[in-house]
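# A look at the structure
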Amino acid sequence: MKKVWAILRKDLLIEFRTKDSLNSMLFFGIVVLIVFNFALKSFEDNVPSVVPGILWVAFAFSATLGLNRIFAVERENDCVQGLLLIPVDRGVVYLGKMLAATVFMLIAEAVIFVFCLVFFNLTVGNEIPYLILVFIIGSLGFTTVGTLLSAVAANTRLREILLPLILFPIVLPVLLSAVEATDIILNTKDYSDLKLPLAVMSAFTIVFGTVSCLLFEYVLED
Amino acid sequence: MGRRFSSRVDTVLWPILFLTMTLALYLAMIGAPKEATMGDLQRIFYFHVSAAIAGLTAFAVNFVASLIYLAQKRPRWDDLALSGAEIGVLFMVMVLVTGPIWAKPVWMVWWTWSPRLTSSLVLCMLYAAYLLIRRYIEDPERRALVSAVFAIIAFLDAPLVWFSIRWWRDIHPSAMLETGGLSPSMRPALVVSWAAFQLLLIYLLRRRYYLQVMRSELEILERQIARIV
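These figures come from a predicted structure and were not determined experimentally. (Residues numbered from 1 in each chain as written. Chains lettered and ligands numbered in written order. Predicted model: local features only at pLDDT ≥ 70, side-chain atom pairs only at ≥ 80, totals over all residues.)

## Thoughts on the overall build of chain B
So the rule is basically this: Numbering of helices and strands runs from the N terminus, with a helix taken as a DSSP run of H or I at least four residues long and a strand as a DSSP run of E at least two residues long. Whether a residue is buried, exposed or partly exposed is read from the other C-beta atoms within 10 Å of its own C-beta, which are placed from the backbone; 20 or more gives buried, 12 or fewer gives exposed, and intermediate counts give partly exposed. Our contact criterion uses C-beta atoms placed from the backbone: two residues qualify when those atoms are within 7 Å.
For chain B, the count of helices and strands is eight helices and zero strands. Secondary structure of chain B in N-to-C order comes out as α-α-α-α-α-α-α-α. Classification of the 229 residues of chain B by burial places 34% in the buried group. At a minimum sequence separation of 6, the contacts of chain B that also span at least 24 residues come to 80%.

## Concerning the nonpolar core
The condition is simple: Buried Ala, Val, Leu, Ile, Met, Phe, Trp, Tyr and Cys residues whose C-beta atoms connect them within 7 Å together make up a nonpolar core.
Counting residues in each nonpolar core, the largest one holds 127 residues, and the members touching the most others are V152, I166 and I170 of chain A together with V149, F150 and A151 of chain B. The dominant element in this core, judged by the number of residues it contributes, is helix α7 (residues 162-188) of chain A, at 15 residues. Once you skip the residues sitting within four places of it in the chain, F150 of chain B turns out to touch V152 and I166 of chain A together with Y130 and I133 of chain B.

## Some words on the packing of helix α4 (residues 75-107) of chain B against helix α5 (residues 115-135) of chain B
Residue and element names in this part refer to chain B. Formally: Fitted lines through C-alpha atoms serve as axes, helices being fitted only where they are in contact, and the angles separating the N-to-C directions of these axes extend from 0 to 180 degrees. Should the near helix be turned anticlockwise from the far one by less than a right angle, the crossing is termed left-handed; should it be turned clockwise, right-handed. Nonpolar residues are Ala, Val, Leu, Ile, Met, Phe, Trp, Tyr, Cys and Pro. Charged residues are Asp, Glu, Lys and Arg, and all others, Gly as well, are polar.
Interhelical geometry of α4 versus α5 gives an angle of 145 degrees and a closest axis separation of 9 Å. Read as a crossing pair, α4 and α5 show a hand that is left-handed. In contact with L82, A85, E86, G88, V89, M92, V93, V95, L96 and G99 of α4, α5 contributes L117, S120, L121, L123, C124, Y127, A128, Y130, L131 and R134. Taken together, the residues of the contact of α4 with α5 sort by class into 15 nonpolar, three polar and two charged.

## Quick look at unusual backbone geometry
With a phi angle near 55 degrees, N121 of chain A is a residue other than glycine that sits in the positive phi range. Looking at the secondary structure, you find N121 of chain A in the loop between α5 (90-119) and α6 (128-154). By the C-beta count within 10 Å, which is 8 here, N121 of chain A ends up exposed. In the Ramachandran plot, K73 of chain B falls in the positive-phi region, its phi being about 60 degrees despite a non-glycine side chain. Along the polypeptide, K73 of chain B turns up in the loop between α3 (44-72) and α4. Judged by C-beta crowding, with 13 C-beta atoms within 10 Å, K73 of chain B ranks as partly exposed.

Shown next, in the form of structure tokens:
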């Protein structure tokens, strides 16, 4: 656990000093919101029903940028050699990286969500704890498999370009459940319906967290 | 080298495949009765379903071969995994082409986002992504490792994709098979065309696998020559 924390702290420190990925993640997320505003011209009448989808597309796109950086950082100055030399299980490296990516994604989500409230004139109050829960589980589902696939993409000649192509088909269940859950919270307010999407996201996170942890050693670039 | 792959299995398999396919074609087009409401259009169903089953089998082959590769690291398993993925995509494309041809006159639309359609499409995309990853890694060993990891993730993802989109409205005529609603007079056509597609799968897998083994060996030889020169 301490080892995981060491890797997580390293990544957080680098990020908070350079702010490379957070800046681009936030900016891109907000750009997506604005683009959607123009792309869906006539949606003023039913804003609440389209917001969950728009929100998660913005989250997913900005997360892809963040996930790409998570290994690009190591490639600079051959830092990956140092990472490989750490005498710990590869699963520990994975967990550290995954948690770092989750933290970045959650920070980006918080800011994008605030912008979303402003742009689409929404008010939330009691829903916030539920939203936070959905955001956390959804982000974990995204980053568990995203961190592994980011390492996979880093192995290829295309690098950053490949990640969204291989990531989006895989995370479809999470994306779908997250949109569904957000829709329930913002629109129908029938919180007992949340069980199913939350269960799908949790199952996804647990299955792919475990599998990625075990398979990570095969895809780490050497 | 060529002799090694022209095995006796194929000389037996090839005529059997030919006969089964001819029989399947006959049964589906002429033997099976005309469907009451959909008419002759329904006949595409025999190939549609059989291709879907063959495609899923091919993806299962890819999954098992990838698992064994990770355990044993023998390049032959990677060759088999690649063959499985490629032929699986081929069959899934067949499914995705025959589906809309049938759906347009019956459902009045080419495509609808029902769970089964969406899952088939996503499945096809997952394995297209697998082939894409392979394309962009040069080192054979690295390519085998990384793509095996992706293959395992993709295969485990398939049931989750299916369950997560299940709560959507499904208009796909799946109940017909599950409840045994298919008329007994149509059953021979389905069974034979299922068998024909499974045989076709085996045949194609073998051919593709041998081709891949040769390609891998050629790659190794080329590397050796490059080192000498």
